Amino acid sequence: SDSECWDLVVNVLEAKDLCGVVKKEDTLDTYVRVSLLPDKEATIQTRVYRSSGSPSYKERFLFSMNPREQSQRLLCFHVYATDFLSHTLVGEGEIRLAEISLRQPVTTWVTLTDTGQRGTEFGELMFSLSYLPTAERLTVVVVKARNLRFSTEIPGEVFVKVYLMQQNKKINKKKTSIKRGEKCPIFNEAMMFSVPAHTLSTIQLRLTVAECSNDGKTKTFSIGHVIVGAQASGRSLSHWNQMLTALRKPVAMWHSLRK
């Protein structure tokens, strides 16, 4: 019958050679989030596995699934590093259920891609988002940028502008300090915006990495930007949704800059 549902059993066993978030000598505290897409509600996560670049989680989870939907379903794995204060996406991978037989157990490695960055023509920006419902406060921490495409070979002066937008109107704007001569500048600057909970579904944040022109005038131009919010798609939407479910803990991710 249509109402028949199976239990899909997912065993998260282990990860190996996790890297890319911390300095070599530091070890990672990590956990895995597994989602059975397109059902956003069907998300579980493992406990935090301490101090290992090759953690052994060994946890078992059940998802309920109608067998008729197997071909549309996607198991997504997101591995996060955490230091109690924030969560940083280390890598992500997926299994298309259409491509495997569920008649017997399947054990497979899932290759994690770096935090989503393909096609980084203009560079990337890492920032964290957190929302505090009681204070109706949205905090953006502009962490760092990398591989920025400057107008000349020599990295110029750069800063990040953060706009709070409502229906394409800029309702608030803040900016970081200026960094000079760095291809991979580190900002680590926090900005707070007052955002009533009922507007969370309609606002957007636009982060623009801007270069100061080197003629001594105040003109700036955009190296590229990122827009996140409930109306965004892909990684930008994923980051926004994870901010809303992470309950007060900042979630940090790398984003490719767009023109």
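One can find the structure itself at the top, above this paragraph.
Owing to the predicted nature of the structure, the values given are computational and were not obtained by experimental measurement.

Q: How should the nonpolar core be read in this particular structure?
A: Membership of the largest hydrophobic core comes to 30 residues, with the highest contact counts inside it found for Leu125, Val142, Leu205, Leu207 and Trp240. Among the elements of the structure, β7 (124–132), β8 (137–146), β9 (157–166), β12 (186–194), β13 (203–212), β14 (220–229) and α1 (234–245) are those that each provide at least two residues to this core. For Trp240, the residues in contact, after removing those within four places along its chain, are Leu129, Leu138, Leu200, Ile203, Leu205, Val228, Gly229 and Ala230. Of all hydrophobic cores here, the second largest spans 22 residues; its members include Leu8, Val90, Ile95 and Leu97.

Q: Where do I start with the sheet that holds strand β3 (residues 43–45) in this structure?
A: Through backbone hydrogen bonds, the strands of a sheet pair up, either in parallel or in antiparallel fashion. Spatially, β3-β2-β5-β6-β15-β7-β8-β12 is the arrangement adopted by the eight strands of the open sheet, whose pairing is mixed. Every interior strand has two partners, whereas the edge strands, β3 and β12, have only one. Neighbour-to-neighbour, the strand axes of this sheet turn through a mean angle of 30°, independent of strand direction. Sheet analysis places strand β2 (residues 30–37) next to strand β5 (residues 74–82), joined by eight bridges and oriented antiparallel. Of the residues in β5, the one forming a bridge with Tyr31 is Tyr80. The sheet contacts of α1 involve β2, β5, β6 (87–96), β7, β8 and β15 (251–256), and relative to β15 the element is tilted by about 170°.

What counts, and at which threshold
Residues numbered from 1 in each chain as written. Predicted model: local features only at pLDDT ≥ 70, side-chain atom pairs only at ≥ 80, totals over all residues. Heavy atoms only, no water. Core = buried A, V, L, I, M, F, W, Y, C linked by side-chain atoms within 4.5 Å. Buried < 20%, exposed > 50% of the residue type's maximum accessible area, 1.4 Å probe, protein only. Helix = DSSP H or I, 4+ residues; strand = E, 2+ residues; numbered from the N terminus. Contact = heavy atoms within 4.5 Å. Pairing = 2+ DSSP bridges. Axes fitted to C-alpha atoms, helices over the stretch in contact; angles between N-to-C directions.

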